[in-house]
Amino acid sequence: MPDLPVDMAQLTQHLAKINALSPDTSGQNRLVYSPGWVAAQRQLLAWGQELGLTVTLDDYGTVYLDLVGRVQPETIIATGSHMDTVVQGGPLDGLYGVLGGLQALLTLKQALGQPKKTLRVIAFSEEEGSRFPTTFSGSKHYARIEDTTGLKDKDGLDFDSARTAAVAQLAGPDIQRTLPKLPATFTELHIEQGPRLAAAKAQIGLVAAIVGQRRYTVTVTGVANHAGTTPMAQRQDAFQATVQFINRLFLLAQSLSPDLTFTVGELALTPNTVNVIPGKVVFTVDCRHTDTTVLDNFETLMGNTAALLSHDPLTISVSRWAKIPPVQLDQQLLAQNANLADQLQLSHLTLASGAGHDSQIMTQVTPTTMIFVPSIKGISHAPQEATATPDLLAGVQLLTASLYRQAY
Ligand code: GLV
Ligand code: MN
Ligand code: MN
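Keep in mind it's a predicted model, so treat the numbers as computed, not measured. (Residues numbered from 1 in each chain as written. Chains lettered and ligands numbered in written order. Predicted model: local features only at pLDDT ≥ 70, side-chain atom pairs only at ≥ 80, totals over all residues. Heavy atoms only, no water.)

Chemist: Now, about the coordination of the manganese ion (ligand 2): what can you tell me, with residues and values included?
Modeler: The protein atoms that coordinate the manganese ion (ligand 2) are His82 (NE2), Asp93 (OD) and His190 (NE2), at distances of 2.1 to 2.3 Å. Written as a sequence motif, the donor residues of the manganese ion (ligand 2) are H-x10-D-x96-H. A distance of 3.6 Å spans the gap from the manganese ion (ligand 2) to the manganese ion (ligand 3), which aspartate 93 bridges by coordinating each metal. Taken together, the residues span a long stretch of sequence, with histidine 82 in strand E3 (residues 72–82) and aspartate 93 in the loop between E3 and helix H3 (95–112) at a distance of eleven residues. Of the two residues examined, histidine 82 and aspartate 93, each falls in the buried class. (Donors = N, O, S within 2.8 Å, 3.2 Å for Na, K, Ca; no water. Helix = DSSP H or I, 4+ residues; strand = E, 2+ residues; numbered from the N terminus. Buried < 20%, exposed > 50% of the residue type's maximum accessible area, 1.4 Å probe, protein only.)

See below:
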């Protein structure tokens with residue numbers, strides 16, 4: 001393999017520049033189609049143009065930067081990740097895969113010039129499911145698996161209107177507007193977002209599988225009433241029922257499998273005031289496991305428990321809005337990356353991902369693999385999310401080697 005020196009200073013600058021565009025001081029807030037998200041995708045498009053890449057934007061706001069091949073330009077070797085973040089997210093989730101991918105492509109362009117096949121960096125519009133009740137809408141659209149439509153965010157803003165308005169702000173003269181062809185392979189570089197690589201003292205994680213996940217909205221309806229005059233035995237307190245329900249779910253999750261994750265991340269009381277018994281509570285449930293049967297069983301138990309705790313006029317209703325199956329990623333690409341990591345003398349571990357990724361969607365249409373780097377203290381989806389610079393570099397080095405092997 002030729003010497004492929006990665007310009008880490010440039011990657012650090014790129015990361016800092018995009019992170020500085022986030023409108024809030026508490027972490028990263030690039031929710032899809034928000035002003036911070038538009039600013040980030042616009043910056044990426046500008047870099048693509050400055051660097052002489054072929055720049056494409058699709059109707060969902062996903063950005064594609066191509067270094068076109070000279071022998072088989074129609075064969076595309078793609079890398080990338082997502083540009084959106086969770087609320088108060090970290091500086092690396094998604095962004096590292098996009099800008100690390102760009103750095104790998106620039107390293108190869110600088111060292112070796114035009115590849116035989118086309119190299120593509122993708123910045124998917126949305127992966128997190130943090131604004132609209134949908135996940136992976138960018139990669140689902142690119143993969144021609146599903147189009148997202150008719151959804152509203154918490155402020156009642158409509159997905160299609162938000163999308164069209166945001167994408168209109170990104171369009172420009174030298175930007176192609178199309179849904180590009182699917183790639184021959186897809187490699188996603190990402191932070192681990194958990195503690196396992198650090199514990200194993202491994203620099204690289206090679207992802208064999210990704211957990212399946214389900215997301216639900218639970219609505220508990222009771223009766224709002226006076227906090228001082230309503231006897232305890234006569235209350236239909238929606239929050240009290242919520243606490244009971246959530247406690248039971250925690251126990252059920254533990255009893256089904258120690259690997260079943262169960263999270264209530266969002267909860268809203270109505271009317272949410274000190275001297276009124278809550279008449280309504282709405283909360284979210286996120287649960288994940290590598291085995292669909294475990295997720296099915298948990299869903300059944302959740303429905304049964306909701307029915308058990310509902311007593312007219314108090315009701316608990318559970319509505320599922322995301323059901324993403326667990327997937328196995330490509331074994332050949334994983335083996336090739338293990339081999340390249342050995343050549344680069346990077347220690348590696350094969351593992352399953354507990355986080356969701358666009359690779360979960362891409363693997364349904366093309367051979368797909370993922371490269372992880374360690375997360376300090378395993379923290380992610382929080383402003384403290386970080387990875388040591390040598391580890392960030394190691395991930396890009398491996399990605400560069402992998403793209404070289406596939407495209408030159
Ligand atoms: C996305 O990062 C998720 O796993 O929630
Ligand atoms: Mn991510
Ligand atoms: Mn994430």
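Chemist: So what about the pattern of salt bridges? Which residues, and what values?
Modeler: According to the stated counting rule, one finds twelve salt bridges in the structure shown. Measuring nitrogen to oxygen at the nearest pair gives 3.8 Å for the salt bridge that ties glutamate 146 to lysine 140. A residue is classified by how much of its surface remains accessible, and lysine 140, at 10% relative accessible area, is buried. Connected through salt bridges with shared partners, the residues Arg214, Asp296, Glu299 and Arg320 form a single ionic network. (Salt bridge = Lys/Arg side-chain N within 4 Å of Asp/Glu carboxyl O.)

Chemist: I'd like to hear about the packing of aromatic side chains, residue by residue, with values.
Modeler: This structure, assessed with the given rule, holds eleven aromatic pairs. Between phenylalanine 124 and tyrosine 142 the ring centres are 6.1 Å apart and the planes differ by 50 degrees, which places this aromatic pair in the tilted class. Of the two residues, phenylalanine 124 is situated in strand E4 (residues 117–124) and tyrosine 142 in helix H4 (residues 137–142); the sequence distance between them amounts to 18 residues. The two residues phenylalanine 124 and tyrosine 142 agree in class, both being buried. Across the ring face of tyrosine 60, the terminal group of arginine 163 is positioned such that the distance to the ring centre comes to 4.9 Å. (Phe/Tyr/Trp six-rings, centres within 6.5 Å; stacked < 30°, edge-to-face > 60°. Lys NZ or Arg CZ within 6 Å of the ring centre and 35° of its normal.)

Chemist: Would you mind going over the layout of surface pockets in detail, with residue names and values included?
Modeler: Of the pockets and cavities examined, the second largest pocket occupies roughly 210 Å³. Along its surface, the second largest pocket is lined by 16 residues, and Thr135, Lys140, Glu146, Lys323 and Ile324 are the ones closest to its centre. Here the residues of the lining of the second largest pocket are counted per class, giving eight nonpolar, five polar and three charged. Looking at which domains feed residues into the lining of the second largest pocket, each of domain 1 (8–211 + 326–407) and domain 2 (212–323) gives three or more. (1 Å grid on protein atoms, 1.4 Å probe; cavity = no way out; pocket = protein on both sides within 12 Å on 5 of 7 lines; lining within 4 Å. Points joined across faces, edges and corners; volume = space filled by probe spheres on them. Nonpolar A, V, L, I, M, F, W, Y, C, P; charged D, E, K, R; others polar. Domains from an automatic or database assignment.)

This is a description of form; function is not addressed.
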